Amino acid sequence: MSEFNALDIAKAAKAAFEESQLISSDERVKALLEIKNTLEANKAEILRANEEDLAAAKQEVAQGRMSESLLKRLDLNKGDKWDSMLQGILDVANLPDPTGVVTYASELDDGLELYRVSCPIGVLLVIFEARPEVVVNIASLAIKSGNAAILKGGKESNRTSSLLSKAISAGLSKTALPSTYVQNIQTRAEVSSLLELDQYIDLVIPRGSNSLVRNIQNSTRIPVMGHADGLCHVYIDEHADLETSVRITVDSKTDYPSACNSTETLVIHEAVVDSIWPSVASALLAANVKLLCDPRSLETAKKFASSFSNFGTHVQPSESSSYHTENLDLTISVVVVPSLSAAIQWINSHSSHHTDSIVTESQQVATTFCRGVDSAGTFVNASTRFADGFRYGFGTEVGISTGRIHARGPVGLEGLVIYKYMLRSKGQNGHIVGEFGSGKKQYKHAKINATTVPF
């Protein structure tokens, strides 16, 4: 694509966004339902394209150019993924409209009213890897929140993404929303050109590896909402229950290993390394999980080596790099620490600030952990796999933000709106600033109870 065509896409997205601001919330909901119907009508064709993407991806894996974890994310027909994708559209459609909500209201003077009102961000450029259903997830959130979107999936899912986008456009064509409200691009060259167009694109959302996020951040003046690696931890505290420790650790690692909310490191308090760790390690080995152990955890693990036929292949010493690697498979690193404060320090130093969980029966320890760990999600006695927009009740998510801007953690509708200030004078001749000051009128700043703007 030439820069000229990239400019056309950006201009079309901006025009579609501006046109949509006077379109009702009901029409946006109608668009979501039309898109769901169109996807259902084209399911067979879309899944055939997905099979072609999978076949090509398997060749890439065989030749060492693609990871198995990336391949697993590509399959749109695995389990209930297709049905979940469609259900996500309905869930988003049924959520309250996030726009037009008054979050602050004040009477500055008699008849002079100020309102802070939620509104869409504008044009979103969303760049993601592998998972083709993300096309539909993000399109749903963008439409519901009043944002136009330009989507770029990974090249490994081009066939699937293209047909999904075609179905979305067909659904939009049956509504008052412009068909260019959601657009799909397919090459890195297109992305590079669009990253220069900050006068048309308002926010970039890269969803993928740390290297992808950093590359985007270094290549644009447009604000970036980073969705990076999931280096998640489970910390087993000295006050932990054994059965809870096993359940939380095994689920966090094995429920869906290639997800970004899968745990990559197990942190163990030294007080329970001889009591709880053996049971946790046994459960992980039984689930075919490879353990990369520090010296202390390895020493204890060796005591039951004869109990597992896979011990020799699945229990190995860890390296420093083990604790900075997002494996996205059945591999977990293990480290023993002397205290709660040491665990918090370890996690803050090694985590990607995605989601980290503690197993403990102490309320005080739980509180300290949740406040001390600087991550988007801090859990108590719960699997890190709960860090998900659908599970949070957001319908779906545009991704999980590990940054520190207005949206953090699973980003749903509320993460895709900003706000504007609306000021209205009901005075006979309006209000002017020159009437206020020393010896003149003073501002009232009286709170107004309002949930919607009265004009």
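This text gives an overview of the structure that appears in the document. In this convention, every chain numbers its residues from 1, walking through the sequence in written order. Reporting in this predicted model follows two pLDDT cut-offs: at least 70 for local features of residues, and 80 or more for side-chain atom pairs to be given and counted; totals over whole chains, interfaces and linings ignore these cut-offs and use all residues. For the side-chain quantities, the full set of heavy atoms in the structure was used; hydrogens and water were omitted.

## Observations regarding the sheet that holds strand 4 (residues 148-152)
Alright, step 1. In this scheme, strands are said to pair when DSSP sees at least two bridges between them. Secondary structure elements follow DSSP: runs of H or I no shorter than four residues count as helices, runs of E no shorter than two count as strands, and numbering proceeds from the N terminus. Taken in spatial order, the four strands line up as 5-4-3-6 in an open sheet, and their pairing is parallel. Bordering the open sheet on either side are strand 5 (182-185) and strand 6 (203-207), each of which pairs with just one other strand. Here the average twist between neighbouring strands, direction ignored, is 20 degrees.
Alright, step 2. Taken together, the four bridges between strand 4 and strand 5 define a ladder with parallel strand orientation. Within strand 5, the residue paired with Leu-151 across the bridge is Asn-184.
Alright, step 3. Here helix 6 (residues 134-145) sits on the sheet and contacts strand 3 (123-128), strand 4, strand 5 and strand 6; the angle it forms with strand 3, its principal contact strand, is near 165 degrees.
Alright, step 4. Taken strand by strand, helix 9 (residues 210-217) contacts strand 3 and strand 6, and its axis lies near 160 degrees from that of strand 6. For helices, the fitted line uses only the C-alpha atoms of the stretch in contact; every axis is such a line through C-alpha atoms, and the angle between N-to-C directions lies from 0 to 180 degrees. Contacts are residue-level and defined by heavy atoms, with any inter-residue pair within 4.5 Å sufficient.

## Describing the packing of helix 5 (residues 81-94) against helix 6
Alright, step 1. Running from N to C, helix 5 and helix 6 point in directions that differ by 10 degrees, and their axes come no closer than 9 Å. The angle between the axes of helix 5 and helix 6 places the two elements in the roughly parallel class. Residues Met-85, Ile-89, Val-92 and Ala-93 of helix 5 pack against Val-136, Asn-137, Ser-140, Leu-141 and Lys-144 of helix 6.
Alright, step 2. Grouping the amino acids of the contact of helix 5 with helix 6 by side-chain chemistry returns six nonpolar, two polar and one charged. Comment on the angle field: the value is read as roughly parallel under 35 degrees, roughly antiparallel over 145, roughly perpendicular from 65 to 115, and oblique elsewhere. Note on residue categories: nonpolar means Ala, Val, Leu, Ile, Met, Phe, Trp, Tyr, Cys or Pro, charged means Asp, Glu, Lys or Arg, and polar means any other residue, Gly included.

## What about the environment of Gln-428?
Alright, step 1. Relative to the helices and strands, Gln-428 resides in the loop between strand 16 (417-425) and strand 17 (446-447).
Alright, step 2. For the pair Gln-428 and Gly-111, spaced 317 residues apart in the sequence, the C-alpha separation amounts to 9.2 Å.

## So, unusual backbone geometry
A negative phi angle is the norm for most residues apart from glycine, just as the trans form is the norm for most peptide bonds.
Alright, step 1. A positive phi angle is found at His-353, which is not glycine, with a value near 65 degrees.
Alright, step 2. Type-normalised accessible area, obtained with a 1.4 Å probe on protein chains alone, sets the label of each residue: buried when under 20%, exposed when over 50%, and partly exposed for intermediate values. Overall, His-353 belongs to the buried group, its relative accessible area being 17%.
Alright, step 3. Residues other than glycine seldom take positive phi values, yet Asn-381 does so here, at roughly 50 degrees.
Alright, step 4. Tracing the backbone through its elements, the reader meets Asn-381 in the loop between strand 13 (377-380) and helix 16 (389-392).

## A look at helix 2 (residues 25-41)
Alright, step 1. Here a helix's expected span is defined as the number of its residues, less one, multiplied by 1.5 Å. Here helix 2 spans 25 Å end to end across 17 residues, near enough to the 24 Å set by a 1.5 Å rise per residue.
Alright, step 2. Restricting attention to buried positions, one finds in helix 2 the residues Glu-27, Arg-28, Ala-31, Leu-32, Glu-34, Ile-35, Lys-36, Thr-38 and Leu-39.
Alright, step 3. Buried residues along helix 2 sit against helix 3 (43-62), helix 5, helix 6 and helix 7 (158-172).

## Regarding the nonpolar core
Alright, step 1. The biggest cluster of nonpolar side chains holds 67 residues, and the ones touching the most others in it are Leu-39, Leu-125, Ile-143, Ile-150, Leu-172 and Leu-194.
Alright, step 2. Apart from the residues within four sequence positions on either side, Leu-39 is in contact with Ile-46, Trp-82, Leu-86, Ile-89, Val-136, Leu-164 and Ala-167.
Alright, step 3. Buried Ala, Val, Leu, Ile, Met, Phe, Trp, Tyr and Cys residues that are joined via side-chain atoms within 4.5 Å together make up what is termed a nonpolar core. Ile-268, Val-272, Trp-277 and Leu-298 belong to the second largest nonpolar core, which has 28 residues in total.

## With respect to the environment of Pro-96
Alright, step 1. Summarising the element assignment, Pro-96 is placed in the loop between helix 5 and strand 1 (102-109).
Alright, step 2. Take Pro-96: its relative accessible area is 64%, and that puts it in the exposed class.
Alright, step 3. Considered as a pair, Pro-96 and Ser-145 are 49 residues apart in the sequence and their alpha carbons are 9.8 Å apart.
Alright, step 4. Look past the residues within four positions of Pro-96 in its chain and what remains in contact with it is Lys-144 and Leu-413.

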